[in-house]
Each structure stands twice: as structure tokens, then as C-alpha cells.
Amino acid sequence: MKYSRLLVLIAPVLVLIFFEPVLFYPSLFFSSLLLANLAVLAAIIVFIKAGKTKKNFADYLGTAILPLGFLSSILIYSSLAVNRFFIQFLFLAVAGFIYFYLRYLYYYLVRPEFCSGGTIKIFSSFGNFFIIFFSAAVVYGLQSFLNLPVWLLMIFMLIVTFLAVYQVMWANKVEMRMAFPYILVSGVILLEIGWSISFLPLNHNIAGLVLAICYYIMSGLSLSYLNDNLDKKIIKQYLIFGSVSILIVLLSARWM
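Residues numbered from 1 in each chain as written. Predicted model: local features only at pLDDT ≥ 70, side-chain atom pairs only at ≥ 80, totals over all residues. Heavy atoms only, no water.

**Some thoughts on the overall build of the protein chain**
Next up, step 1: Helices and strands together make up the secondary structure of the protein chain, namely nine helices and zero strands.
Next up, step 2: Counting from the amino terminus, helix and strand elements in the protein chain follow one another as α-α-α-α-α-α-α-α-α.
Next up, step 3: Its C-alpha atoms give the protein chain a radius of gyration of 19 Å, within 12% of the compact-globule value 18 Å for 256 residues.
Next up, step 4: Referenced to the eigenvectors of the C-alpha coordinate spread, the extents of the protein chain come out at roughly 55 × 50 × 30 Å.
Next up, step 5: Sequence-distant contacts, at least 24 apart, represent 72% of the contacts inside the protein chain between residues at least 6 apart.
Next up, step 6: Accessible area for the protein chain stands at about 13500 Å²; split by element, carbon and sulfur atoms hold 71% of it. (Helix = DSSP H or I, 4+ residues; strand = E, 2+ residues; numbered from the N terminus. Rg over C-alpha atoms; globule rule 2.2 N^0.38 Å. Contact = heavy atoms within 4.5 Å. Areas by Shrake-Rupley, 256 points an atom, 1.4 Å probe, with all protein chains shown as cover.)

**Considerations on the nonpolar core**
Next up, step 1: Grouped together as the largest cluster of nonpolar side chains are 86 residues, with contacts concentrated most on F19, F47, L71, V94, L102, L105 and M169.
Next up, step 2: The biggest single contributor to this core is helix α4 (residues 84-109), with 14 residues.
Next up, step 3: With sequence-adjacent residues up to four places away left out, V94 is seen in contact with V15, F19, F70, L71 and I74. (Core = buried A, V, L, I, M, F, W, Y, C linked by side-chain atoms within 4.5 Å. Buried < 20%, exposed > 50% of the residue type's maximum accessible area, 1.4 Å probe, protein only.)

**Quick word on a nonpolar patch on the surface**
Next up, step 1: Taken together, the side chains of W151, L152, I155, I159, L163, W195 and F199 present a nonpolar region at the surface, about 720 Å² in accessible area.
Next up, step 2: It is helix α6 (residues 150-171) that contributes the most residues to the nonpolar patch, five residues altogether.
Next up, step 3: Mapped onto the secondary structure, F199 falls in the loop between α7 (176-197) and α8 (204-226).
Next up, step 4: Overall, F199 belongs to the exposed group, its relative accessible area being 62%. (Patch = residues over 30% accessible without salt bridge, like charges linked within 9 Å, V, L, I, M, F, W, Y side chains within 5 Å. Salt bridge = Lys/Arg side-chain N within 4 Å of Asp/Glu carboxyl O.)

Printed below as a string of C-alpha cells:
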């Protein structure tokens with residue numbers, strides 16, 4: 001555990017090393033995905049073990065969902081992309097995100113006296129938005145390119161949504177007994193919205209972005225309510241921001 005801080009640098013480098021072969025040998029996709037997840041998961045487990053306070057299963061799950069979901073969703077999304085420079089940019093973005101997340105996580109778990117707990121909320125809000133976006137884009141892309149059944153893809157999206165909302169609740173220190181009904185309700189509502197979006201003649205990236213905005217509104221309103229600071233002003237802010245954002249996206253999008 002003495003040199004556990006080195007994992008902050010080693011893990012993202014390993015992720016990049018495992019991702020790069022996929023550009024030239026697509027058959028290594030699943031092996032690369034598994035190895036990259038294991039590298040990050042190992043670093044997280046070491047940090048938790050080296051922590052000064054005892055952690056439960058919720059802490060293991062809460063800290064792991066975000067980085068594993070982020071790197072997995074982007075690698076899967078990259079399988080739909082055709083521009084190698086864009087794919088390379090995505091891989092570098094993953095490595096950068098993993099580095100900064102693990103760097104913060106090290107201080108949060110091992111040296112808590114040097115960090116504030118608020119930063120993990122920022123990581124959670126930023127990271128889960130992109131997890132929903134990339135995952136939804138993959139779902140709508142597979143529907144368009146492979147003509148897969150919508151219900152099967154929506155089950156996958158429902159699981160991703162449950163995990164993302166759970167992680168947001170954990171990061172904001174909401175008691176899981178209180179948060180559980182909102183995790184279920186948010187997942188079901190986003191499932192219905194996502195299913196409705198699948199019938200629109202939208203590009204898969206645009207459809208994914210619309211669903212990600214809906215997720216942002218749902219999670220924001222739920223957190224405000226659970227923190228007892230939900231009022232008309234906050235509701236208006238979220239609804240106006242969401243409505244304007246979706247309208248801009250749809251008006252500027254190229255419909256299929």
C-alpha cells in the first residue's frame with residue numbers, strides 16, 4: 001500500500017495501452033474492455049483498502065460505477081465511429097478522466113485531510129451525463145445499423161440508468177433507503193422517454209443527447225427534493241434549461 005499513489009498514473013496508462021490495439025485489431029474489443037476495467041477496478045480496491053475508514057459494499061459500488069461506466073461506454077461508442085482521429089481523441093479523453101478521477105479518489109479515500117467531499121459530486125454529475133449520452137447513442141445506433149429489437153436495447157439502457165442514478169445519489173450522500181424509490185422511478189421514466197425517442201427519425205448522437213438532457217433534469221430535480229431545497233425557482237430553472245437545450249438540439253439537428 002506504500003506506493004498505492006503510483007496507481008493514479010499507472011491505471012490510465014494501462015487503459016490507453018489496452019484501448020489502442022482495438023483501432024487495428026477489432027477482434028480484441030472484448031479483451032481490451034475487460035482488461036481496462038480490471039486495471040481501474042484494481043486501483044480503486046487498493047485505494048479503498050488503504051483508506052483510514054472502513055468502507056461497505058455501497059462505497060465499493062459507488063466509487064467503481066463512474067470510471068468503469070465511463071470507459072466502457074466510450075469504448076463501445078467508439079465501435080460505431082469511423083474516424084480514427086476522433087476515436088483516438090475519445091481514448092485520450094478516457095485516460096484523462098480516469099487519471100483525474102483516481103487522483104481525487106486517492107486523496108478522498110487515503111488522504112481525506114487534503115480534499116473536500118464536494119469534488120466527487122462534480123465528477124459524478126459530469127461523468128454520468130456522458131455515460132448516459134454515450135450509452136444511449138450506442139443503443140440508438142445499434143437500432144439503426146443492426147435493426148436490433150428496441151425492447152432488448154431498452155433493457156440495457158434501463159440498467160445503465162439505474163446505475164447512473166444510484167451513483168449520483170451515493171456521491172451526494174443520499175441515504176439509499178430514501179433514494180431507492182427515486183432510482184426506480186427515474187429509471188422507468190427515462191425508459192419511457194428513451195423508448196419514445198427511438199421512434200423519431202433522429203441521428204443516434206442527437207437522440208442520445210436528448211435522453212442525456214432528460215436524465216440531467218430528472219437527477220437534478222430528484223436530488224433537490226431529497227436535499228429539501230426543491231422550490232418553484234429550481235423547477236423552473238431545470239425545465240427552462242432542459243426545454244431550451246432540447247429545442248436547440250432538435251432545431252440544429254440533421255434529421256434522418
